[in-house]
Structures are given as C-alpha cells and as structure tokens.
Amino acid sequence: MDASLLGVLLNVLTIFILAIYLGVEVIRKVPSLLHTPLMSGSNAISGITVVGAILSLGLVRLIPASHADLRLIATLLSAAALLFAVINIVGGFVVTHRMLGKFRTRK
Amino acid sequence: MTANEILRLAADIGYLAGSICFIIGLRRLSSPKTAVGGNLVGALGMLLALLSAIADTALQADLSGAAPAEVRTYILWLGGAILLGSLSGILLARFVDFKAMPQLVGLFNGFGGLASVLVAGAMILILAGSTTQESPVSAIATAVTALIGSITFWGSLVAAGKLQGVVTEKPVRYRGEQIVKGLMALAALAASAAYIAPELAGNVFPQSTAFILVVVTGSVLGLLLTLPIGGADMPIVIALLNSYSGIAAAATGFVLDPPNKILIIAGALVGASGIILTRLMCHAMNRSLANVLFGGVGAIVQQEGAGDIYAGRVKSTGAEEIAELLRIAQRVVIVPGYGMAVGRAATPVRQLFEAMEAAGTVVEFGIHPVAGRMPGHMNVLLAEESIPYDRLKEMDEINGSFPNTDIVVVIGANDVVNPQARSAQGSPISGMPILDVDAARTVIVVKRSLAPGFAGISNPLFVADNCLMFFADAKQGMEAVLKAYKEG
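Heads up: these notes are all about the structure in this document. Because the structure is predicted, anything quoted here is derived from the model rather than measured. (Residues numbered from 1 in each chain as written. Chains lettered and ligands numbered in written order. Predicted model: local features only at pLDDT ≥ 70, side-chain atom pairs only at ≥ 80, totals over all residues. Heavy atoms only, no water.)

## Some details on the overall build of chain A
Spelled out, the test is: By definition, any uninterrupted DSSP run of H or I lasting at least four residues is a helix, any uninterrupted run of E lasting at least two residues is a strand, and each is numbered from the N terminus. We take the radius of gyration over the C-alpha atoms and set the globule estimate at 2.2 Å times the residue count to the 0.38 power. Working definition: with a 1.4 Å probe on protein chains only, accessible area under 20% of the residue-type maximum means buried, over 50% means exposed, and in between means partly exposed. Contacts were defined at the residue level, with two residues in contact if any of their heavy atoms lie within 4.5 Å. Methods summary: accessible areas were calculated by the Shrake-Rupley approach with a probe of 1.4 Å, and residue burial reflects only the protein chains presented.
Tallying secondary structure elements over chain A gives four helices and zero strands in all. Beginning at the N terminus, the succession of helices and strands in chain A can be written as α-α-α-α. In terms of C-alpha radius of gyration, chain A reaches 20 Å, well past the compact-globule figure of 13 Å for 107 residues. Relative to its full complement of 107 residues, chain A shows a buried share of 58%. A separation threshold of at least 6 residues defines the contact pool for chain A, and within that pool the share at least 24 residues apart is 68%. Surface accessibility of chain A: about 4,200 Å² in total, with carbon and sulfur atoms responsible for 70%.

Pasting the structure below:
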C-alpha cells in the first residue's frame, strides 16, 4: 500500500471514529418515549447509501461500451440500490413525522 | 476557478452541510420538544447529500464529456428510481396501519442494508469493466459491506415477518444450533477472505464469484441469527439491526474510491445510535447481548408444576368490582404490555383514562422499556390515542410512586411486573429491573389466563394478597370496565 493511500485511509478512519463517538454522545440521554421515533429517524439516515447508488449509477459509463452486458448489469444493480435507498429514506422520514405528530402534551 | 472546481467545492460543501444536519437532527430527535424539527433537519441533510452526490457524480464520471444520449440515460434512470422510490416510501409510510409500525420500520431498515450490498456489487462490476485496480481498503470494505448488508437485509425481513406473524414468533431452536451458526460464520469469513485476497484461495474463482459467496453466506447467517430469537427479545434485535444498517452504509463509504465522507459520517452516527439503543434494551432486561443472540430466555424449559403455585390462591374479579374500585381511587397507574398491543385495547384504555381524569382521579401510565416488540412500542401506541406524553412515565420515574398508588391496572403485561426478578438468582429473569406494582394498595391484572409470559415462569404477583385477576381479553375486558365505570 503506498503512502498516499495510507494517508487517505487514516484520514477517513479518523472521521469514522470521531463520528461514532459523536453519535454515542448525541443520543446518550434519549428518553424511552422517543425510542421508536429515534430509531426510525436514524433508520432513514442510514439510507445515506443513496449517495453511493447515485455515484455508481453515473460511474457505470466508465465501463467501456464493448462490455455492454457488464454495463447493463451494473446499471440495474445501481438503479435497484437507488430505489431501495430512496424507499428507506422517504419512508423513514415520513413515518417518523407521522409518529411524532401523535405525541402531544396537554392543551 | 473553473466550472469543475466550483462544482467540486459545491459538492463538498453540500456533503459537509448534510453531515452537520444529521448531527443536529439526531440531537433534536432525542428530546420531545425538538423532535419534529430534528426529523425535518435530518431530511434536509438527506436532500443536500443527494444533490451533492449528483454534482459529485458529474465530476467523477466526467458527465460533461459524455454524449447527450448518455447523460439522458443517466437522468432517466436516476429520476425514475428516485420517483418510484419516493412514491413507494410515501405510500407505505402514510397508509400502513399504525399497529404495523414495528414491522414497517424493520422492513425499511432491511432495504437500507440491501441498498448497500447492491452498491458494492455495482462498484465491483465498474472496477472490473474499467480495469482500474481495486485498492486493498476498498476490497476489505466491499467484503464488509456485502456481509453486514446481507445480514441486515435478511435479519430485518425475518424480524418484520415475526412481527407481522408471517414467521413464527417462537424461538426456532434445534440441536446443534450454535455449531451450525458458528460454521456458517466461518464460511462467511472464508468467503470474505477469498474476496479480499484471491491468492489465498488459490485464485480458484473470480472475485465476482467470491463476492456472491459472501452475499449468500451473509444472507444465510442473517436468517440463522434471527430465527432463533423469540418475540419478546425483538426490541433488542430491531435496535441491533438498525445499528448494522448504519455500519453497512459506513462500509459503503470505504468501498468508494476516493472514500466518501458523508457515507462514513452518517453511517457511523446511525451505527452508534443503534448500539446505544441496543445497550439500553439489554440493560432493561438485565441480559448481555451475547445472551440474547446466542442463548436466551426462549431456550429455558417451563418450570415444573408452574400451575401449582396458583392453586386455590388466585382471587378473581369482574368489571363491576373494578369499576367500583376505580371510582373511589385517587391515584391510578396503568401498566400496558404487549397484550394491549395484540389485543388492540388501546382505545378503551384511553377512554377509561379520559373518564377517570374527568372524575378527578390522577392517572398515569407506567411503561417498562422493553414492553412490546420494539423500543418505545407502548409510547407510540398510547400516543396514537392522543394520550398526552407527560402522562407516560418511565420505569425509574414511576417506581417510587407505587406505595402511594391506590390501584394499578396491568393490561397484558407479565414478566415486566414479575417480583421473581428481584431474587438474586434461580429465575430466568433474575436481576431484570421491573415495575414494582406489588407495592401499590391494589393491583388488578387484566389477562386472558394464568399462562406464563415469554420467560415461561410463574408470576407470584398473581397470588399476592393485594392482587385481583380479571380474566378477559384485553379489549373486551377494558370495554366492560369502561361501561361499568360510566354507569356507576
């Protein structure tokens, strides 16, 4: 592994570890009242894979036209990934919103 | 700056802003007053991430140099999938019955895991076609994504199936179960190794075959790990799978070259929050995660002669007497359990709550953290009935108040109010924190029979001097009590 690759890896690993720590700190004191909405809201955020799907759908064109079948399969996989990620995101945020709308205090 | 440099900058700023939105969104989601806004901030972050990804793609795939027909094809696929996905997501989220919420959340979670696996698969083909060398980091990340993503997908499907009743809620256990799981885990690791370092496997099969093997073994492992887990442990499993979907997304971030930071950040945040919830659930059951995944309450055989402790000592009651008691009570606590959910009894419970409040009685709900089938299940059910959330009390908050409580009404709960948990050992639920309902003046338990709860043990509460049993279906029973209460 060359040095520049190692540098990139360390860079993103640092971000990864800090983000985990941050996630733990941000959520730690959640009341049980919000366990379900928090779970379904964070579940929607896990649909961030959408970014990967959009990228791979575009990168498909790097496959030379001579490999038409490969291109087609990669396109189908990416589009399916995009579809499921978007269902995850939209469904997740909408269902969380619907749920939170039911939580109310005394008028 | 050239146009490309501006686009690059815009995409990076968008990713950064999106990441910040996720952090603020999660922060706000963990407090009742700010939760609605938090969810919207999270959605905004997702929109920013999506737009940035499109800009990023234009650069990485050099779309400006592409033929117009190619760009059109990209936009068609992109728009089509986003449109179809949004539509299905909205329809599912808006029109699925609220009672089916746990399985819906489980299903969405599975989709996230599946998307990660599909992206990893597409990236392999793109690398293979473009003859770019896959970096070792990316190779490891691809195997991790395929493995965890498949486990998440199939595990979530089984969990959702169990909650929907399509798959048996009972723990599916068999002889040699641990060995089978262990062997499958080894097979999955071997397939991953064969993918990461093909020379280890003697270059017998191409990398794409190794990838498929990882997905297949991961899928089987997902099934094997979740099928043996029983219904009452579902809150833990759902929280854990939620964490997995985040980890799979973060791993996808490492698959891409260059690694994508927003995938890594958002995935790590979700992974961490899922782990926190998992730990909270484990604490609430006083069990280790390993015990839930590999052993567990479901495996314990019913105590012998469990019925004997009840013989001739149970005092049973009826709707009239309960209504009478509730009318003279000053403070009442209602303890709901999974029985209220399956019995669809939340509506009569709310009506009784309103009637008692109107009569000047103080009524609160005591909610055990693992009551139900997903974290916070009871809260959602009661909130749907518009019961103000300041009346829903957590276990620690309400436990001290039971000695000053005239009546506790337990509806469809068993193990979470079982005093056996207080004994140091000798019981499968020893050490599990419970609601100390037996400290109240009178406890009324609404339950169909004396059948044991999920833990398969008898409940000494039912024969306590201050306990009255009302043998009825949760819904019909509560309706009868409500009717008697209003008539009196």
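## Describing the interface of chain A and chain B
Where we set the bar: A side-chain nitrogen of Lys or Arg and a carboxyl oxygen of Asp or Glu constitute a salt bridge if their distance falls within 4 Å. Pairing of N or O atoms within 3.5 Å defines a polar contact, subject to two protein rules: one partner must be a possible hydrogen donor and the other a possible acceptor, and residues neighboring in sequence count only if both atoms are side-chain atoms.
Contacts between the two partners involve 89 residues from chain A, matched on the other side by 115 residues from chain B. For the interface between chain A and chain B, the tally reads two salt bridges. Close ionic contact of Arg 71 of chain A with Glu 70 of chain B constitutes a salt bridge, the shortest N to O distance being 3.4 Å. Counting the contacts that link chain A with chain B gives 18 residue pairs in polar contact (both at pLDDT 80 or more). Of the residues forming the side of chain A that touches chain B, the biggest block, 31 residues, is contributed by helix 4 (residues 68-102) of chain A.

## Some points on the side chain of Thr 226 of chain B
All names here are of chain B. Note on placement: Thr 226 falls in helix 7 (residues 207-226). Relative accessible area serves as the criterion here: at 5%, Thr 226 is assigned to the buried category. From its side chain, Thr 226 meets the backbone oxygen of Gly 222 in a polar contact 2.7 Å long. Beyond its immediate stretch of four places on either side in the chain, Thr 226 contacts Gly 155, Val 158, Lys 162 and Val 237.

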